[in-house]
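Structure at a glance
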Amino acid sequence: MSVYHKLDFSHERDLSADELCRRVESYYPDADFALLRKAYNFAEKAHEGQKRSSGEDYIIHPLNVAGTLIKLRLDMDSIIAGLLHDVVEDCDVTPEEIEKEFSTSIAQIVVGLTKISKIKFKTKEESQAENFRKMVVAMAKDLRVIIVKLADRMHNMRTLQYVSEEKQRKIANETLEIYVPLASRLGINSVKTELEDICLRYLHPEVYYRLAEKITMKKGDREVYIGETINIIQDKLLEYGVQAEIKGRPKHFFSIFKKMNARGVDFEQIHDILAFRLIVPNITECYKGLGIIHSSFTPIPGRFKDYIAIPKVNNYQSLHTTVIGPKAERIEIQIRTSEMDEVAEKGIAAHWKYKEGISGGETKLKWIEELLEFNQNVENNAEFMSHVKNDLDIGGVFVFTPNGDVFELRYGATPLDFAYAVHTEVGHHCVGAKVNGKMVPLKFTLKSGDTVEILTSKSQTPNKDWINIVKSSKAKSKIKAWLLRVERDKNIEIGKETLDKTFKLFDTSLKALLKSGELKKAQKELGAKSIDEIYINVAVGKYPSERVSQAIPELRVEEDPQTMTSKLEEINTYSKTLTKSAKRKTHKDNAVIVDGFDDVMARMAKCCNAIPGDPIIGYITRGRGITIHRADCTRFDIGDLARQIHVEWNPEFSFKHPVSIRILTHDRPGVLSAISRSLNNMNIGIRSAIAKSTTDRKGSFIFEIEVKDYSELLKTISSIEALEEVISVSRG
Ligand code: MN
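Quick look at the structure, then. Keep in mind that what you see is a predicted model, and the values were worked out from it rather than measured.

Re the sheet that holds strand β21 (residues 726–731)
A sheet is described by the order of its strands in space; here four strands give the open sequence β19-β20-β18-β21, paired in antiparallel fashion. With one partner strand each, in any of the chains shown, β19 (685–693) and β21 form the two edges of the open sheet. Along the sheet, successive strands turn relative to each other by an average axial angle of 20°, direction set aside. Packing against the sheet, helix α30 (residues 710–721) makes contact with β18 (657–666), β20 (698–707) and β21, and its axis sits at approximately 165° to β21.

Here is the structure:
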């Protein structure tokens, strides 16, 4: 059977100049081997007496760096620069010496590498822009600088076990933040995936070793499975006369790790860990092969990607699909030509003409030039970064809707930001969110790859706290606009009421004065932009009501000004209390507002026990007022439409509502107290708790708790779900 012949970048202990020459000769027999040997001797002499942290002679490092460059089939300048890359930095060799002994372009690459090694990388997110600026400047002159640097970093990562733990984490973090995106942007997948896996090993060793164990544990079975699958695919293709070289292997650890994170699940639940690659002779056969695969196996909807028609920004081309394989397991299939495969593994290096070396144009890439130009024109790091971000697959957070649509949000974005990004109305009515299928609080921080589902309720409206939760300025301004509009509407109502009371003193009414056009005239005299503005100004006390009445000729007071003034004052005082208590005014004792009735008492139906945030319906009972049911209540008799009445949650109501939750746990000591502690920490009252052990050694609890509303319930459920012992939580 055939497995991927991945480029192997392992540390080679016994690498020698002879071996390097032999390897170059295999693909480039006319190379200048004398120059290669000269570079080796030069480096060995310069580094004489120096040791690596592993205790080995230092020369083993440049030898391995050159070895990696040979695996990537780079040109002789790069290989020699790989051998010499540390001599300016670590030994007292000058760039002029290198130029004299070798060539200007080799000296230039080495100088570029020395510059990069002097960059003090900052690890904080906001300094990433600065790091990239410096990298861009260093590699702008010659792209080979960055490829040699990647080879250097590869060997340092490969020998990371010899340095202190602190240094391991620092270097691994830097690699993940700086070098992985660069390798990805240059399309050098073989380097990118290898670096990612080593980073995982040092940054999340527990995950790495568990994956390694799981994947090797069933290695025998898996290889049999891969072999059988390849045969089945091969037969299908041959039926239609398509020749293909097929390889299969488990995906690299980091991509499995990313999947686990994205879906919020464990390794056991990741099924599509196997990837198969079909190498076919030409593009027509790629699509033909795809047709055969899709008609032989069931494709997973939404997983087909055509990077041949639309190549990735790093020139990667391939067809991707995921199907249900012959043994009912999900498998990922990539179909491409051998040229595409070479580009996929080696990226930009695949375009190198090692025979001719590189001259002029090819050492630079347009996007780097553009970045450099941009770099000179902006002072602002954030602006620069947003530009780099487009080019380098880093930066914001990319999250998915349940349908697979992608949204780009800024770092630190919350589900509420996402809701507003989807639609303003979705934002306004957001009561909760599920991330990767799990309930989360609204202030949860989203990560790239998260699938976000927003829960809404018609009765939900924005509140002031939301401004502190959201990160995007768009969401902030939407919330502010909403709050202002609500306040405006309230003030208009209060202004209307105050004026109507005022006008009643003069035996007329607001309605009459609107109709006669007198109020419109007053508007001009008062200098207000609209009649609504008069109402608002009355409500906030800017226009005392006598000022408005004085602006209307027929209301000008002549007789007994004393009595009138005191009456108007009374009205103004009333208006002020109205404005102040506007918030509390809305029947604060009622949990719900019943359409068209001011103070009808409503009762919560026992059958479904609605809590604020739930969609609800009112039901007019015979003789017992109105009962409130959840809209999805099964006992609610929807047949009797005449008795239904529109009701809304009263946003001012703040009593606690009882609700039951069922919790299933592993049967371990201390589970009950862990749950109670978690509830206490959230200030959730417990009314009662029933516990029992099930026969399959699980614990089953029913808690009756008191929550303010639906979003508090969601928060509570998600915090209990987060407990280690807990298997599931549901509303009882
Ligand atoms: Mn080095």
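Describing the environment of I233
Among the secondary structure elements, I233 is positioned in helix α13 (residues 219–239). Separated by 59 residues in sequence, I233 and I292 have C-alpha atoms that sit 9.0 Å apart. In this structure I233 touches I246, L278, I293, F297 and I333, once residues within four positions along its chain are discounted.

Remarks on the environment of V242
Tracing the sequence through the fold places V242 in the loop between α13 and β1 (245–250). In sequence terms V242 and P281 are 39 residues apart; their C-alpha atoms lie 9.1 Å from each other. With residues near it in sequence (within four places) discarded, V242 still touches L237, V280, E285, K288 and I292.

Here's the deal with the nonpolar core
Residues V24, L84 and I98 are the most contacted members of the largest nonpolar core, which totals 69 residues. Per-element tally for this core: the top contributor is helix α9 (residues 144–158), with eight residues. Contacts of L84, omitting those with residues within four sequence positions, involve A39, F42, A43, I98, F102, I106 and V110.

Side note on helix α22 (residues 473–505)
Between the first and last C-alpha of α22 there are 48 Å, a value that for 33 residues agrees with the 48 Å anticipated at 1.5 Å per step. Listed as buried for α22 are A475, I479, W482, N491, I492, I494, G495, T498, L499, T502 and F503. At the exit of α22 stands D507, carrying a positive phi of roughly 60°.

Things to note about the packing of aromatic side chains
Following the criterion strictly, the structure yields six aromatic pairs and no others. Plain terms: the ring middles of Y208 and Y209 are 5.1 Å apart, the flat faces sit at 85° to each other, and that makes the pair edge-to-face. You can call Y208 buried: its relative accessible area is 16%. Since its relative accessible area comes to 46%, Y209 is described here as partly exposed. Their ring planes at 40° and their centres at 6.2 Å tell us that F701 and F703 sit as a pair that is tilted. Through a chain of ring-to-ring contacts, three or more aromatic side chains come together here, namely Y208, Y209 and F253. Taking the ring centre of F102 as reference, the NZ or CZ of K38 above it sits at 5.3 Å. Seen from the ring of Y58, R52 lies directly overhead, with NZ or CZ sitting 5.9 Å from the centre.

Each value, and the rule that gives it
- Sequence order as written defines the numbering, with residues in each chain counted from 1.
- Only residues with pLDDT of at least 70 get local features here, since the model is predicted, and only at 80 or more are side-chain atom pairs given and counted; chain-wide, interface and lining totals rely on the full set of residues.
- Water and hydrogen atoms play no part in the side-chain values, which are based on all heavy atoms of the structure.
- DSSP-based pairing: two strands are paired if at least 2 bridges between them are found.
- Only DSSP runs of H or I covering at least 4 residues are called helices, and only runs of E covering at least 2 are called strands; the numbering of each starts at the N terminus.
- Axis angles are defined between N-to-C directions and span 0 to 180 degrees, where every axis is a line fitted to C-alpha atoms and, for a helix, only to the segment in contact.
- By definition in these notes, contact holds between two residues if any of their heavy atoms fall within 4.5 Å.
- To form a nonpolar core, buried Ala, Val, Leu, Ile, Met, Phe, Trp, Tyr and Cys residues must be joined to one another through side-chain atoms within 4.5 Å.
- The buried label applies to any residue whose accessible area, calculated with a 1.4 Å probe on protein chains only, is under 20% of its type's maximum; exposed applies above 50%, and partly exposed to all values in between.
- Residue count minus one, scaled by 1.5 Å, sets the expected span of a helix.
- Note on aromatic contacts: the rings of Phe and Tyr and the six-membered ring of Trp form a pair at centre separations within 6.5 Å, being stacked when their planes are under 30 degrees apart, edge-to-face when over 60 apart, and tilted otherwise.
- In this scheme, Lys NZ or Arg CZ marks a charge over a ring once it lies within 6 Å of the ring centre and within 35 degrees of the ring normal.

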